[in-house]
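Letter by letter, the chains look like this.
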Amino acid sequence: MSSSLSDAELDALVAEAVVDCYDEHEQFSGLFIMIQDNLTAPFDTEVLGVPVVVRKVDLRSSGIVAICHRGRLRQAIGILDLPLPDPAPDGAQWIEAYRRWAGAR
């Protein structure tokens, strides 16, 4: 997914998320909280051509994940690997801010 936000806008979002953070772990947590608090869920998307519903985001040892549901099945997918629908759900700019931060480390 290509961001519709400029680098400066993404940098401003990252700065907002990490303003009071002392280290990389706290910055990661700050970005997770912004995604969790601002990403509108549930929303529909497709993973490998299969329709799924993203019901929430979670923090795992592997990173920030989207919890995807299809019927009774559930799968955690890394938020940076998740294909977003078009139009993207409200709050998706925080995923892009996280992507920018993760690439800048």
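Residues numbered from 1 in each chain as written. Predicted model: local features only at pLDDT ≥ 70, side-chain atom pairs only at ≥ 80, totals over all residues. Heavy atoms only, no water.

Here's the deal with the packing of aromatic side chains
Turning to step 1, where the next piece is worked out: For the coordinates displayed, the defined rule picks out three aromatic pairs.
Turning to step 2, where the next piece is worked out: Ring geometry for F28 against W101: centres 6.4 Å apart, planes inclined by 35°, an arrangement best described as tilted. Residue F28 is found in helix α2 (residues 24-38), and its partner W101 is found in helix α3 (residues 93-104); the two are separated by 73 residues along the sequence.
Turning to step 3, where the next piece is worked out: Through successive ring pairs, a cluster of aromatic residues spans F28, Y98 and W101. (Phe/Tyr/Trp six-rings, centres within 6.5 Å; stacked < 30°, edge-to-face > 60°. Helix = DSSP H or I, 4+ residues; strand = E, 2+ residues; numbered from the N terminus.)

Here we look at the sheet that holds strand β2 (residues 50-60)
Turning to step 1, where the next piece is worked out: Ordered by their spatial adjacency, four strands build an open sheet running β1-β2-β3-β4, and the pairing between neighbours is antiparallel. Since the sheet does not close on itself, it has two edges, and those belong to β1 (43-47) and β4 (73-78), each with one partner. Averaged over all neighbouring strand pairs, the angle between strand axes comes to 45°, with direction disregarded. (Pairing = 2+ DSSP bridges. Axes fitted to C-alpha atoms, helices over the stretch in contact; angles between N-to-C directions.)

Details of the nonpolar core
Turning to step 1, where the next piece is worked out: Of all hydrophobic cores here, the largest spans 28 residues; its most connected members are I35, I79, L82 and Y98.
Turning to step 2, where the next piece is worked out: Put simply, the parts of the chain that give this core at least two residues each are α1 (7-18), α2, β1, β2, β3 (63-70) and α3.
Turning to step 3, where the next piece is worked out: If we ignore the near neighbours within four places in the chain, the residues touching I35 are V57, I64, W94, I95 and Y98. (Core = buried A, V, L, I, M, F, W, Y, C linked by side-chain atoms within 4.5 Å. Buried < 20%, exposed > 50% of the residue type's maximum accessible area, 1.4 Å probe, protein only. Contact = heavy atoms within 4.5 Å.)

Re α1
Turning to step 1, where the next piece is worked out: If you check α1, its first and last C-alpha atoms are 16 Å apart, about what twelve residues at 1.5 Å a residue would give, namely 16 Å.
Turning to step 2, where the next piece is worked out: Within α1, burial applies to L10, L13, V14, A17 and V18. Seen from one end, α1 has its buried residues packed into an arc of 120°, which puts them on one side. (Expected span 1.5 Å × (residues − 1). Arc of directions from axis to C-beta.)

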